[in-house]
Amino acid sequence: MIGFKTTAFAAALMASAFLPYAPLQAAPGHSGGHGHGSAAIGEPGKAAEASRTVTIVMGDNYYEPEQIEVSAGETIRFVVQNKGEFLHEFNIATPEMHAAHQKEMAMMFEHGMLTPTSIDREMMKMDHAKMGMSHSMKHDDPNSVLLEPGQSGELIWKFPSTGTLEFACNIPGHYETGMVGGVQFRAGAGRK
Ligand SMILES: [Cu+2]
C-alpha cells in the first residue's frame, strides 16, 4: 500500500509540475470573435438591394447625423467620411458587442496595430494568434469601417426587422465621449 501511495503521489506531483505548461501546448482555439448575435444585428447587404445612401460624417469625437431611422429589413448604403484628425470607426452592433469590441481595440492599440491617427497595415497582416489574439483582431469585421483622417469608406448593411442597435466608434475613449449614435426602427413598417 505504501508503495502504491508513493507512486500515486509521485504521479500527482509530476502532473502538477506539468500543469502550468498545459495551456500553452493545448494551443487554445479561440471561439472566433463576433459569431454571437449576428442575426440580431443584420448582415452585409448587396448594393443592388440598397434603398438609399446615407452619408455619415465622423469628427473628433462625434457622428453627423447622430441618429438614423431604418425600416424593417432595409438595406442601406452608408458612405462614411472621416473629417476628424484621429482614427475613427463606424460600427453597427448591439451595445454588448460594442463593449466587447472596445476591449479588442484597446488590445490593438497596445500591440501597436493601431495608433491614434493610423492603421499599421504591416502589423495587421501578422499572425496575431501568436500574440494570443483572436482572428477578429484583424479588424475585418463586416459590420465596421475603420478610417484614417481624411479617408472615406462604404458599408452596405441589411438591417434586421427590429433590435437594439447602435453605430459606434470603439477606439479607446471615443464611445465614452460621445461617438455613439442610435438606430431607430420605423414603427409599423412591416414588409408586404
Ligand atoms: Cu472615434
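Just so we're clear, the structure is a prediction, and the values are computed from it rather than from any experiment.

Quick question: what am I supposed to make of the overall build of the chain here?
Looking only at helices and strands, the chain features 5 helices and 10 strands. Long-range pairs, those at least 24 residues apart, make up 81% of the contacts in the chain between residues at least 6 apart in sequence.

I keep staring at helix α4 (residues 95-110) and nothing clicks. Help me out?
Note on helix geometry: an α-helix contains 3.6 residues per turn, so any two residues three or four positions apart are oriented the same way. Relative to the 22 Å expected for 16 residues at 1.5 Å per residue, α4 spans 23 Å between its end C-alpha atoms, a close match to the ideal helical length. Taken as a whole, α4 has its buried residues at Met 97, His 101, Met 105 and Met 108. All buried residues of α4 fall inside an arc of 70 degrees around its axis, so they share one side. Turned more than 90 degrees away from the buried face of α4 sit Pro 95, Glu 96, Lys 103 and Glu 110, all of them exposed. Along its buried surface, α4 packs onto β6 (88-93). Gly 112, located one to two residues past α4, shows a positive phi value of around 80 degrees.

Looking at this structure, how should I read the sheet that holds strand β1 (residues 43-44)?
In any sheet, the strands associate via hydrogen bonds between backbone groups, in a parallel or an antiparallel arrangement. The 5 strands lie next to each other as β1-β8-β5-β2-β3, forming an open sheet whose pairing is mixed. Looking along the sheet, the strands with just one partner apiece sit at the ends: β1 and β3 (62-64). Across 2 bridges, the pairing between β1 and strand β8 (residues 152-158) is antiparallel. Looking at β8, one finds that Pro 44 is bridged to Trp 157.

Looking at this structure, how should I read the pairing of strand β10 (residues 180-185)?
As a general feature of sheets, a regular strand has side chains that alternate between the two faces. Inspection of the sheet shows strand β4 (residues 67-70) paired to β10 by 4 bridges, in the parallel sense. Within β10, the position partnered with Gln 67 by the bridge is Gly 182. As judged from the 3 bridges shared by strand β9 (residues 166-168) and β10, these two strands associate in the antiparallel manner. Pairing of Ala 168 across the sheet is with Val 180, part of β10.

What should I look at first to understand the environment of Arg 52 in this one?
In this fold, Arg 52 is placed in strand β2 (residues 52-59). The spatial distance from the C-alpha of Arg 52 to the C-alpha of Phe 78 is 8.6 Å, given a sequence separation of 26 residues.

Whenever I open this one, the confidence of the model for the chain confuses me. Can you help?
Segments scoring low in pLDDT should not have their predicted coordinates read at a detailed level. Taken residue by residue, the chain gives an average pLDDT of 81. The fraction at 70 or more is 71%. In this model residues 1-37 is a low-confidence stretch, pLDDT under 50, and it forms 12 contacts with partners more than four residues away in sequence or in other chains.

Can you walk me through the nonpolar core in this structure?
Most often, soluble globular proteins have nonpolar side chains that are buried together. Ranked by size, the top nonpolar core spans 31 residues in total, and within it Phe 78, Val 80 and Phe 90 carry the most contacts. For this core, the secondary structure elements donating two or more residues are β2, β5 (75-82), β6, α4, β7 (144-147), β8 and β9. Residues contacting Val 80, with those up to four places away along its chain left out, are Ile 56, Met 58, Phe 90, Val 145, Leu 147, Ser 152, Gly 153, Glu 154 and Leu 155.

Got a minute to help me understand unusual backbone geometry in this structure?
Negative phi characterises most residues that are not glycine, and trans characterises most peptide bonds. Along the chain, Asp 60 connects to Asn 61 via a cis peptide bond; the corresponding omega equals -10 degrees. Topologically, Asn 61 is positioned in the loop between β2 and β3. The step from Glu 64 to Pro 65 runs through a cis peptide bond, and the omega angle for that step is 0 degrees.

Help me out: how do you make sense of the sheet that holds β4 in this one?
Spatially, the 5 strands line up as an open sheet ordered β4-β10-β9-β6-β7, and their pairing is mixed. Each having just a single partner strand, β4 and β7 make up the two edges of the open sheet. Neighbouring strand axes in the sheet, compared pairwise and without regard to direction, differ in orientation by 20 degrees on average. As judged from the 3 bridges shared by β6 and β9, these two strands associate in the antiparallel manner. Its bridge partner lying in β9, Ala 93 is registered against Glu 166. Against the sheet, α4 makes contact with β6 and β9, and its axis sits at roughly 140 degrees relative to β6, the strand it touches most.

Cut-offs used in this document
- Per-chain numbering applies: the sequence of each chain, read as written, is numbered from 1 onward.
- Local features are withheld for residues below a pLDDT of 70 in this predicted model, meaning they are given only at 70 or higher, and side-chain atom pairs are given and counted only at 80 or more; totals for whole chains, interfaces and linings count all residues.
- Under the DSSP-based scheme used, a helix requires at least four consecutive residues in state H or I and a strand at least two consecutive residues in state E, with every element numbered from the N terminus.
- For the purpose of contact definition, each residue receives a C-beta atom placed from its backbone, and two residues are in contact when these atoms lie within 7 Å.
- To estimate how far a helix should extend, the number of its residues minus one is multiplied by 1.5 Å.
- Between the buried cut of 20 or more and the exposed cut of 12 or fewer other C-beta atoms within 10 Å of a residue's own C-beta lies the partly exposed class, and all C-beta atoms are placed from the backbone.
- Arc, as used here, means the arc of the directions from the helix axis to the C-beta atoms.
- Note on pairing: two strands pair once DSSP finds at least 2 bridges between them.
- The pLDDT value tells you how sure the predictor is about a given residue, anywhere from 0 up to 100.
- As used here, a nonpolar core is made of buried Ala, Val, Leu, Ile, Met, Phe, Trp, Tyr and Cys residues. They are joined through C-beta atoms within 7 Å.
- For helices, the fitted axis covers only the stretch in contact; all axes are lines through C-alpha atoms, and the angles between them, taken along N-to-C directions, range from 0 to 180 degrees.

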